[in-house]
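Next come the chains, spelled out residue by residue.
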Amino acid sequence: MGHEFTDGEITIRFRENGIFANGQCMTFAPTVSDFDGYQAIVTAMDPQHNRYTFIVDSSDGTVTDRRDGTVYRCR
């Protein structure tokens, strides 16, 4: 929470009430579904019931979208 991550085109931010992409709320509140050392799995649902899953790696400051493998780096 509190950090922004970008892939050069899209900037995402995790907040208590949702995941934001380029300033627009895209999902409901995210939850941590798994945690292991420096990595956490964060999931959230959008209003159309699509599931978003990200791997947050605090050791290298990245977030990886599990749907397509896009890597976002901490700003």
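Relevant structure appears above.
Rules of the game
- Residues numbered from 1 in each chain as written.
- Predicted model: local features only at pLDDT ≥ 70, side-chain atom pairs only at ≥ 80, totals over all residues.
- Heavy atoms only, no water.
- Helix = DSSP H or I, 4+ residues; strand = E, 2+ residues; numbered from the N terminus.
- Rg over C-alpha atoms; globule rule 2.2 N^0.38 Å.
- Buried < 20%, exposed > 50% of the residue type's maximum accessible area, 1.4 Å probe, protein only.
- Areas by Shrake-Rupley, 256 points an atom, 1.4 Å probe, with all protein chains shown as cover.
- Lys, Arg positive; Asp, Glu negative; His and termini not counted.
- Charge placed at Lys NZ, Arg CZ, Asp CG, Glu CD.
- Core = buried A, V, L, I, M, F, W, Y, C linked by side-chain atoms within 4.5 Å.

Student: How should I be thinking about the overall build of the protein in this particular structure?
Tutor: Of regular secondary structure, the protein possesses zero helices and nine strands. From first element to last, N terminus to C terminus, the protein shows the α and β order β-β-β-β-β-β-β-β-β. Here the C-alpha radius of gyration of the protein, 11 Å, is about what a compact globule of 75 residues would show, namely 11 Å. Across its three principal axes, the protein shows a C-alpha extent of roughly 30 × 25 × 25 Å. Looking at the protein as a whole, 32% of its 75 residues are labelled buried. Carbon and sulfur atoms form 47% of the exposed surface of the protein, whose accessible area is close to 5000 Å². Measuring between centres, the 7 positive side-chain charges of the protein sit 4 Å from its 11 negative side-chain charges.

Student: Just checking my understanding: could you explain the nonpolar core for this structure?
Tutor: A general feature of soluble globular proteins is that nonpolar side chains tend to end up buried together. Among the nonpolar cores identified, the biggest contains eleven residues, and these are Phe5, Ile12, Phe14, Ile19, Ala21, Val42, Ala44, Tyr52, Phe54, Val63 and Tyr72. For this core, the secondary structure elements donating two or more residues are β2 (11–15), β3 (18–21), β6 (39–45) and β7 (51–57).

Student: What is the right way to look at unusual backbone geometry in this model?
Tutor: Excluding glycine, a negative phi dihedral is what most residues carry, and trans is how most peptide bonds are arranged. Unlike most non-glycine residues, Asn22 shows phi in positive territory, near 50 degrees. For Asn22, the position within the fold is in the loop between β3 and β4 (24–25). Positive phi values are uncommon outside glycine, yet His49 reaches one of about 70 degrees. Looking at where His49 falls in the secondary structure, it is placed in the loop between β6 and β7. A relative accessible area of 64% means that His49 is categorised as exposed.

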